[in-house]
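Chain residues, written in single-letter form:
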Amino acid sequence: MSTAGKPIQCTAAVAYAAKQPLTIETITVGAPRAHEVRIKILNTAICHTDAYTLSGADPEGAFPVVLGHEGAGIVESVGPDVTNVKVGDHVIPLYTAECGKCKFCLSGKTNLCGSVRDTQGRGVMPDGTSRFTNSKGEPLLHFMGCSTFSEYTVVADVSVVAIDPTAPFESVCLLGCGVTTGYGAATKTANVQKGDTVAVFGAGTVGLSVAQGAQRREASRIIIVDINDNKEKVSREFGATDFVNPTKLPAGQTIVQKLIEMTDGGLDYTFDCTGNVNVMRDALEACHKGWGTSVIIGVAAAGKEISTRPFQLVTGRVWKGSAFGGVKGRSEMGGLIKDYQNKKLKVDEFITARRPFAEINDGFEDLHNGTCLRTVLKF
Ligand SMILES: NC(=O)C1=CN([C@@H]2O[C@H](COP(=O)(O)OP(=O)(O)OC[C@H]3O[C@@H](n4cnc5c(N)ncnc54)[C@H](OP(=O)(O)O)[C@@H]3O)[C@@H](O)[C@H]2O)C=CC1
Ligand SMILES: N[C@@H](CCC(=O)N[C@@H](CSC=O)C(=O)NCC(=O)O)C(=O)O
Ligand SMILES: [Zn+2]
Ligand SMILES: [Zn+2]
């Protein structure tokens, strides 16, 4: 019997308050309205940003909420006026929408889209309401326009892309955030060129994806900086030519001095993939005078600010940021999937654990085990 047009009851993990475990419960997911798509999520991974919002550090974080933004699934039904996907399509929800019509989309200068970002940031659908209710009839907030920690979710049509149905959900869900973000930051935001020198701070999924993007572009040097020595092996597997643990430097030597010494004056490109504002400063100051560019990818806690001496910028270093790797999800996801299928883009290698969805709280614990890249959950 078709579920189209009707509410669906399903399992979801609800975050009722910061720092509390998620509650696995049955929720009701309303039918998609105009320009909305209801998706049956098959797999979702846990990104560091989900943990960041659950920690209470996200200035936009609000509860109760259905978190999750790195997922893949099948379109169960669509609301009126949806033309870009249809029932049965295999899809990836996009936290960076692409409407193709707004000032941002038409600028040709950014992958950010203004069409739904305001309501997305407030945890509601573009019409200002939620499609999720718990068993008490209380509305639950959406998250990053995706809410993939629910067996069914509803997203705006501008926030979803159809993908090759032969691509495995378990793997390509990672293209919904971490892999795309790092790879795109290197190949699009920074546009690393052959021979460039690159340093990446933070050897998580995002940082390692920056490294594989830099390797694809034939960077001459890819230095990964991480405080955990256990990350050296995996860093080299993803393209690092060097690995530096900043906590193991000789007394008196800073990581900035070390990197400048290693590269005859500093790097062409550096990337912060930690979310630590002190690291962001180091990343900027390790750039080569005159042209080095540092890209901030990490997400910092509420109240945190970056600083440096303006002289660092006066003397030619450039500080910029990157969201979703500068990738326009609806236009460019197909190319990333092809790269994955043609073995030009590593994705499976990031899966360090697989769990049933019911173990989602253990999955959040995995993030702290020192070797976790991505735990993929299966409904
Ligand atoms: N801008 C965007 O579009 C996106 C941003 N993000 C953000 O990017 C960041 C990285 O995400 P993800 O890869 O999933 O996270 P991870 O936590 O997996 O990776 C971060 C890595 O940085 C290491 N680290 C921590 N402190 C330092 C330090 N001082 N110097 C060097 N390395 C350090 C961590 O080590 P340890 O594990 O030992 O702490 C870990 O290996 C997060 O802030 C996330 O919120 C994520 C996706 C998209
Ligand atoms: N809510 C936070 C900002 C969080 C943030 O910067 N998110 C990234 C994606 S992180 C993915 O794992 C991003 O793309 N930002 C651009 C955007 O439009 O949100 C805060 O308010 O600080
Ligand atoms: Zn993410
Ligand atoms: Zn737009």
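Residues numbered from 1 in each chain as written. Chains lettered and ligands numbered in written order. Predicted model: local features only at pLDDT ≥ 70, side-chain atom pairs only at ≥ 80, totals over all residues. Heavy atoms only, no water.

Within an unreviewed UniProt entry, the label attached to the protein chain reads S-(hydroxymethyl)glutathione dehydrogenase, and the organism entered is Maudiozyma humilis. Regarding the protein chain, the UniProt comment filed under Cofactor (unreviewed entry) reads as follows: "Zn(2+)". Per its UniProt entry, the protein chain bears the Sequence similarities (unreviewed entry) comment "Belongs to the zinc-containing alcohol dehydrogenase family. Class-III subfamily." (UniProt positions renumbered as here; feature names shortened; annotations may be inferred.)

Draft legend 1. Region of interest: the coordination of the zinc ion (ligand 4). Bound to the zinc ion (ligand 4) on the protein side are Cys 99 (SG), Cys 102 (SG), Cys 105 (SG) and Cys 113 (SG), at distances that span 2.3 to 2.4 Å. Expressed as a motif, the donor residue spacing for the zinc ion (ligand 4) is C-x2-C-x2-C-x7-C. With Cys 99 in the loop between β5 (90–93) and α2 (103–107) and Cys 113 in the loop between α2 and α3 (117–121), this pair connects stretches of sequence that are 14 residues apart. Cys 113 sits in the buried class, given a relative accessible area of 9%. (Donors = N, O, S within 2.8 Å, 3.2 Å for Na, K, Ca; no water. Helix = DSSP H or I, 4+ residues; strand = E, 2+ residues; numbered from the N terminus. Buried < 20%, exposed > 50% of the residue type's maximum accessible area, 1.4 Å probe, protein only.)

Draft legend 2. Expanded view of the coordination of the zinc ion (ligand 3). For the zinc ion (ligand 3), the protein coordination sphere consists of Cys 47 (SG), His 69 (NE2) and Cys 177 (SG), at 2.0 to 2.3 Å. Each of the four donor atoms around the zinc ion (ligand 3) contributes to a set of angles spanning 96 to 126°, which defines the coordination as tetrahedral. Taken in chain order, the donor set of the zinc ion (ligand 3) reads C-x21-H-x107-C. With His 69 in the loop between α1 (48–54) and β4 (70–78) and Cys 177 in the loop between α4 (169–172) and α5 (178–189), this residue pair connects regions lying 108 residues apart in the sequence. Accessibility classification places His 69 together with Cys 177 in one group, the buried group. (Tetrahedral: all angles 85-135°; square planar, octahedral: opposite > 155°, others 65-115°.)

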